[in-house]
Structures are given as C-alpha cells and as structure tokens.
Amino acid sequence: FNNIFIYLTNKLWYDIYIITHSYTRALVLKTTTTVDPMDSLCPRMSVPTTLYVHECLRYVAMCYVFRVEDVIRLFFSHPSVEGISIAAFWDHEIHPNYALMHGYSFTLNEAGKRYQRLLKQDWSTHVTRPLTSGTSFTVRGFQGDYTAVVYYKGKPVQRSTFTLGKADRTVTIDVTSTTTIQLPPIVDPFAPQDVDFATSSLNLQTIGHGTSTSQSQQLQCVSRRSAVSEVGDEKTASVSCNAGEVLTGCSSFSTNNDWQRDGEQVTFSNGKAVCTAFNGYYSSAGVQAEARCCSLRTLQCRYRTAGPSGTGERDEVIIPCADSEYPLGCGTWTFEAESAGTIFTSSFCVGQNDDTVVGVYGFASCCQATPSLHCITMYSEFSGPNVGDRALLTCPSEYSFTLTGCNVHAPNGRGAGAFIEAINGVDTCVAINGFPRFGGENGVQGVAACCRVVV
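Here's a quick rundown of the structure. (Residues numbered from 1 in each chain as written. Predicted model: local features only at pLDDT ≥ 70, side-chain atom pairs only at ≥ 80, totals over all residues. Heavy atoms only, no water.)

At a closest axis distance of 9 Å, the pairing of helix H2 (residues 68-77) and helix H3 (residues 110-122) adopts a crossing angle of 35 degrees. On H3, the residues that touch Val 68, Glu 69, Ile 72 and Arg 73 of H2 are Ala 111, Arg 114, Tyr 115, Arg 117, Leu 118 and Asp 122. When grouped by side-chain class, the residues that make up the contact of H2 with H3 number five nonpolar, no polar and five charged. (Axes fitted to C-alpha atoms, helices over the stretch in contact; angles between N-to-C directions. Helix = DSSP H or I, 4+ residues; strand = E, 2+ residues; numbered from the N terminus. Contact = heavy atoms within 4.5 Å. Nonpolar A, V, L, I, M, F, W, Y, C, P; charged D, E, K, R; others polar.)

This is the structure:
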C-alpha cells in the first residue's frame, strides 16, 4: 500500500486520520481516541505506533474485500469512531474486485448488499406500536432522522419528522384530525432511471480528401496494420494506404486486450490520409492502428471530424455525410480513454461518450463513387463479459458485399478496440472487450460498413 498518511495532533488526545490509497481502493477512518480502535484486528502485534497502524491497514484492506461487513461493524461499534467513509465503490472508479456495485445498471454485489442491509435494516430503527395499549412508550433507536406516521383505521392521518442524537429525547405528536393524508412517494435509489443524452456536432469540419487511382471496376479492400506503439499516454502508432488505394476505415486496439487506450484519428501527413492510434495514460501495453484501404475506379472520400461531445454518460457527437456519400468508416478518440466507442449509420457516424471530464471526438470517412455504391451498416451480437472476449461480424455473402470499415461499440464503456481479420477466408470485424462485466451488463459489439458496387 502506498501513500499511507497518519496525522497525530495533541500529545494527550489523538485525532487520527488513516488513509490508504492505491488505484484499486480507498478507505478513510476518523477517530478521536487514546486507544487504537483496531486492537482486535491486530491483537498480537507489539511494534511502534506507525508500523502498527500500517500493518493494521494492510489487514483492513484485505477485509474490505473478503469481510467488509465485519470491518464496518467493528469500526461502527467503537464509541470513538465518528464516521466511516468508503471513498470509492463503483467498478468504473476502482477495480471490480473491490467494488460494491457494478456497471451502469449499478447492480449491488454481495458486499454491496451487505452494506445496504446494514444501513437500511440492521442500523435503522423500524417500530410499530398500537395506540390501544397506550399513547406513551419508549423506543431505543439509532441516531438519525426519523419519520413517524399515525394510522387510523389503516389510513395515514398524521406525519411528523424529528432527529435523534446522542441524548434521550421526548417527542410529542398531536393528532388533530382523522382525515386521511397523502404520504410522500418512496423513491428507490436503485431503481433504473431514464437519462436523456445530448447530441452535438461541435466544431464539425472537413480535414482532407482522398481518391483511389485504381482503374478497377470492382471494390477491393485490404487491411494494413501499424507497428506497436510505445507504452504510455498519447504514444501513437500510424499506418497509411498504398498507392492507388484510399483510406476508408480506421480503427485501433490494445495489444493486451486492455481498455486503457484513447482511440483513433484520421490525420494527414504530406497530404495523405493516415490512421493513427493513441495509447492511454494507464496503459501497460502498446496499441496498433489498422487502416482499411480500398480501391475502385472513381472512389473518393472526404474526411470529417467533430467534437468534443458533451460530458454526460452516452452523450454523442454526430459527424454527418452528404446525401450522395456513405460513411465507409467511423472512429472515436478522447483524451481520457473513457469512451463508449463508435456507432455506424447509413448517413452519419457517432462517437459515444463515457468520459465525464472532456467528452469524445469522432471522425467519418464519407465516400462516393461512380457507378454508385450501395452500403449497409452491420452490428454483431455482444461479446462475453470477460476481458478479451470477442464479438465477430461479417458482411452478407449475398450480392458480394465488401467490408469497408470496422470498429467497436461498448455501451457500458471500456472496449479494447477492433480490427479486421480473415477467419476461414472471410474478412471479419473483430471487437474486443476490455473490462469485466457484471450484473447483466453487456460486453462490446462489432460495428461495420459493408458496400457493393451498383451498376
């Protein structure tokens, strides 16, 4: 454990803040005591105070994983403990093994269910008393805010609120009417909520053009892959198409199936379109870029970009193509690696946000040819829930459709990327899941554009 801070004030009474931080967990305990409240956790240790607390914290952190209920009960039971704060509890903030809830469904795991039971049941006071046996009675309750409701013939007629502190308190409730009252609705904080997401095309612009010089009347596409980038934030890897080809799709992927990557962009070098992959801040392996390179007589593409999106979850940035164009490839990029990936449609590309800080940027390869192209968008089934699980997608075998672009859509964020691979001789869009999924949360899906020439 790194960054363990112990603040001691006053020689007689200690006001102790013990904070452990790692990228996976954080626990804060505040006490005011002359006796270490964690004696029962480390009963056999007889070492100086700093090491003593340090070793106890190591044990406490393990208990957070395996015995969270026991540790919280221990802290709460000590009279010197003023408060317990679990600084992170969602698996999109910390490692899933140390979380209390998972995914955008915010599904409680077993540790979360125990925590909820402590607060809502074990450490809450729920008392029902019939007034036929008397109108005065004593209740031993937990400190906190209370609501008292008086019922007459099974219907509520009076509602009062009060707060119970450390000292005993007498609460008088005057029932002045037997008229039924309307109680406030009870809101379940874990019930699914409908959330509106914002769409925009901020800073929409065309950054360049590309034209195939091939004289072939058949649409032909190949994938070209970059070298592996260095590890580290904003480390890049780039690849471009060969002479006669035009860049229609650009995707990227992490070489160790991790989600810590920033995505991909179409950039220009010496007037030529380049597919560039960007690595992420916490990356532990390199990334690769993959360019989809197509050739066809009169095939030309216009490269457009827009962004950033809004910073709300699943906010979208839209990159439209003209009526005569199809988006043959789409991609998404962000500063912070948190992206829900890319969505293909028949007329525009979508970059979907999962970053509450800066939003995402999107790009589109808007292409056309004479004779005309007919293109469709395809979506795979979702991958499995484990890191490295794949979602596969191929174009329809009828009418000689050709795969022109492929990327990953991760509705719950954290896809590891996508690429095109020949499986059993068929070009296949492969999307990689980069984060473990829990609570019914979906993995990732492959998204692609498939085109054919219409004479």
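Core analysis: the largest hydrophobic core is formed by 27 residues, its most contacted members being Leu 219, Leu 247, Leu 299 and Leu 373. Elements with a minimum of two residues in this core: strand S13 (246-254), strand S15 (272-279), strand S16 (287-295), strand S17 (300-306), strand S22 (361-368) and strand S23 (373-379). In terms of residue count, the dominant contributor to this core is S16 (five residues). Excluding its chain neighbours within four sequence positions, the residues that come into contact with Leu 219 are Cys 294, Ser 295, Leu 296, Leu 299, Leu 373, Thr 402, Thr 404, Cys 451 and Val 453. Residues Leu 393, Cys 406, Val 408 and Ala 448 belong to the second largest nonpolar core, which totals 16 residues. (Core = buried A, V, L, I, M, F, W, Y, C linked by side-chain atoms within 4.5 Å. Buried < 20%, exposed > 50% of the residue type's maximum accessible area, 1.4 Å probe, protein only.)

Empty space within the largest pocket amounts to approximately 2,100 Å³. Along the wall of the largest pocket there are 47 residues; nearest its centre are Val 127, Tyr 146, Thr 147, Ala 148 and Phe 162. Broken down by secondary-structure element, the contributors of at least two residues to the lining of the largest pocket are H3, strand S7 (144-152) and strand S8 (155-164). Residues that form the lining of the largest pocket fall into these classes: 25 nonpolar, 14 polar and eight charged. Roughly 770 Å³ of volume is contained in the second largest pocket. (1 Å grid on protein atoms, 1.4 Å probe; cavity = no way out; pocket = protein on both sides within 12 Å on 5 of 7 lines; lining within 4 Å. Points joined across faces, edges and corners; volume = space filled by probe spheres on them.)

What follows covers the pattern of salt bridges. The final tally for this structure, using the stated rule, is 13 salt bridges. Across the pair Glu 69 and Arg 73 runs a salt bridge whose closest N-O atoms are separated by 3.1 Å. Of this pair, Glu 69 and Arg 73 both sit in helix H2, separated by four residues, roughly a single helical turn. We classify Glu 69 as buried; its relative accessible area is 10%. Given the relative accessible area of 32%, Arg 73 is considered partly exposed. By sharing partners, the salt bridges in this structure join Glu 69, Arg 73, Glu 110, Arg 114, Arg 117 and Asp 122 into a single network. (Salt bridge = Lys/Arg side-chain N within 4 Å of Asp/Glu carboxyl O.)

Of the residues making up H3, those classed as buried are Ala 111, Gly 112 and Leu 118. Residues of H3 that are buried sit in contact with H2 and strand S6 (107-108). Between a side-chain oxygen at the N-terminus of H3 and the backbone nitrogen of Ala 111 the separation is 3.2 Å; the capping residue is Asn 109. (Polar contact = N/O pair within 3.5 Å; in protein donor to acceptor, adjacent residues only side chain to side chain.)

Counting across every chain of the model gives nine disulfides. Linked covalently through their sulfurs, Cys 250 and Cys 275 form a disulfide whose S-S length is 2.0 Å. Taking the sign of the S-S torsion, about 75 degrees here, the bridge from Cys 250 to Cys 275 comes out right-handed. In this pair, Cys 250 sits in strand S13 while Cys 275 sits in strand S15, placing the two residues 25 residues apart along the sequence. Pair check on accessibility: Cys 250 and Cys 275 agree, each one buried. Each sulfur in the disulfide pair Cys 406 and Cys 429 lies 2.1 Å from the other. What sets the handedness of the Cys 406 and Cys 429 disulfide is the S-S torsion sign, and at about 70 degrees it is right-handed. Highlighted residues: Cys 406 in strand S25 (residues 402-409) and Cys 429 in strand S27 (residues 426-433), separated in sequence by 23 residues. Judged by its relative accessible area of 4%, Cys 406 is buried. (Disulfide = S-S within 2.5 Å.)

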